[in-house]
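Below are the chains, spelled out letter by letter.
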Amino acid sequence: ILLRYHPRITHDDVVVKIGIAGGDGTVHHCLLAWIHILLYRYDLLQGIKVQFYLLPCGANNMLASHLAMHDVWFGGMVMSAVQSPLSLVPMLSAKGGDGDKGKASYQQEYKQVLPNQLLQLQVQNYFREADIAMPISVFVCEGWSGSGKKQFQHHLPFCCRMELGLTAYLADTCFKHSSSGTPNPGVARPNNLQPNDSRLEEQKYKYKLEAALSLNEVDMCGIENTTQTLHPARSFLQLNLCNVATPADQGLQPDPTSDNMMVQVIESDWYLKGRRGRRPPVEDFSNAPCYRAAKLQIDAQDSLNPFNILLDGELYGPFFKVRIYPCRLPGARADTARFPVMASMEMN
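Heads up: these notes are all about the structure in this document. Remember, predicted model here, so these are calculated numbers, not experimental data.

Concerning the nonpolar core
Part 1 of the argument: In terms of nonpolar packing, the biggest core is built from 45 residues, with L54, L63, F74, Y126 and F339 touching the most fellow members.
Part 2 of the argument: Secondary-structure elements contributing two or more residues to this core are strand 1 (14-22), helix 2 (24-40), strand 2 (48-56), helix 3 (62-70), helix 4 (72-83), helix 6 (115-129), strand 3 (132-137) and strand 14 (338-343).
Part 3 of the argument: Contact partners of F74, with chain neighbours within four places excluded, come to L54, P56, A64, L67, A68, M79, Y126 and S344.
Part 4 of the argument: Judged by nonpolar contacts, the second largest core, of 44 residues, contains L200, A293, F307 and L311.

Observations concerning helix 4
Part 1 of the argument: Every buried residue of helix 4 is listed here: F74, G75, V78, M79 and V82. With its buried residues spanning 125 degrees around the axis, helix 4 presents them on a single face.
Part 2 of the argument: Structurally, the start of helix 4 carries an N-cap: the backbone nitrogen of W73 is 3.2 Å from a side-chain oxygen of D71.

A few points about the packing of helix 3 against helix 4
Part 1 of the argument: Relative to each other, helix 3 and helix 4 sit at 120 degrees, their axes nearing to 5 Å. Here helix 4 runs oblique to helix 3, going by the angle between their axes. Seen from helix 3, the contacting residues are A64, S65, L67, A68 and H70; seen from helix 4, they are V72, F74, G75 and M79.
Part 2 of the argument: A per-class count over the contact of helix 3 with helix 4 returns six nonpolar, three polar and no charged.

Re the side chain of N216
Part 1 of the argument: With respect to the helices and strands, N216 occurs in strand 7 (residues 209-217).
Part 2 of the argument: Not counting chain neighbours up to four residues away, the residues in contact with N216 comprise E224, N225, T226, Q228, R292, A293, A294 and K295.

Some details on the pattern of salt bridges
Part 1 of the argument: A full pass over the atoms with the stated rule returns seven salt bridges.
Part 2 of the argument: A salt bridge links R161 to E163; its shortest N-O distance comes to 2.9 Å.
Part 3 of the argument: Residue classification places R161 among the buried residues on the basis of a relative accessible area of 9%.
Part 4 of the argument: Through salt bridges with shared partners, a single ionic network connects D259, R328 and R338.

Calculation rules
Just so you know, the residues in each chain are numbered from 1, in the order the chain's sequence is written. pLDDT decides what is reported in this predicted model: residues at 70 or higher carry local features, side-chain atom pairs at 80 or more are listed and counted, and totals for whole chains, interfaces and linings draw on all residues regardless. Side-chain measures here rest on the full set of heavy atoms in the structure, leaving out hydrogens and waters. For this analysis, a nonpolar core means a set of buried residues of the types Ala, Val, Leu, Ile, Met, Phe, Trp, Tyr and Cys, connected via side-chain atoms within 4.5 Å. Only protein chains enter the area calculation, which uses a 1.4 Å probe; residues under 20% of their type maximum are buried, those over 50% are exposed, and those in between are partly exposed. Secondary structure counts use DSSP, requiring at least four H or I residues in a row for a helix and at least two E residues in a row for a strand, with both numbered from the N terminus. Contacts are assigned to residue pairs that have any heavy atoms within 4.5 Å of one another. Note: the arc covers the axis-to-C-beta directions of the helix. Pairs of N or O atoms are called polar contacts if they sit within 3.5 Å, as long as, within protein, a hydrogen donor faces a hydrogen acceptor (for residues adjacent in sequence, only side-chain-to-side-chain pairs). Angles run from 0 to 180 degrees between N-to-C directions of axes, and those axes are lines fitted to C-alpha atoms, restricted for helices to the stretch in contact. Should an angle fall under 35 degrees it is taken as roughly parallel, and over 145 as roughly antiparallel, whereas 65 to 115 is taken as roughly perpendicular and any remaining angle as oblique. Residue type decides the class: Asp, Glu, Lys and Arg count as charged, Ala, Val, Leu, Ile, Met, Phe, Trp, Tyr, Cys and Pro as nonpolar, and the leftover types, Gly among them, as polar. Salt bridge criterion: a side-chain nitrogen from Lys or Arg within 4 Å of a carboxyl oxygen from Asp or Glu.

By themselves, these are just geometric observations and shouldn't be taken as functional.
Laid out in structure tokens, this is it:
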């Protein structure tokens, strides 16, 4: 797209608006392309201002859901319209009357207005009216795969969420059942795990991620603690790194425009003990210990027993070590990379 526009640019501040129609996987792959341009083809952005518009057509829409919670107009006029399962909403004519005259008036008024045209108008309004950029911070997951002397390093950008543990393990199980061959750890694989999968409840008492966790905590003022917080040689049920909150993460209150993430640490012992004898469902870890961190590293206790991860809902791995940190732009642009998603109001 940028190659098509770039030769025609004769002045600065040309705005290129790109609509992303799809779910989390589509957004994630667009993010990968965007970061590649920022790092290696920045010349294509000279004189161009790129803006991304979300059209949440997928089964899972993490970033769009977060935007809808903070932007009432987007939630009511765009997301509700795109996500609606109704193909036709009955309408009453304001000029209607009795008999054939009223029927003719109704047909004349609405004969050229079809439901898909109404949706098209809403999308056009979104592209025209949403003029506030929400600069979503981008992070890098640096993963190491292989075993023995052959080791490979992968750099994987993401902007919403990273999950390790039970959900990634079951997502990999679903993938193996539907595919054959050995996957490339650095290439995204579809996540076919459903939120209500019965195996989540079955495996939560059995699964354990044997790993060591170290992170650099950040206080409320954004000052990073130089002393690392360590969880050496523990058994974890789940580790969640959250930059964009899902409905289950609202208690964490992450700031998607900052350079740090909220980290939920769910140890197996903590989960099995439960809270007052009641074990919460897998999707509800609101009472688990959490940290605000800018850097994080996870090492498998045994390199021969690596783990998979979910980045923005896409499956990667297996890795025996991962390291998370903000994605920095090179040279004079040494700032955190941002994913400019458009909204109609400020994110507070």
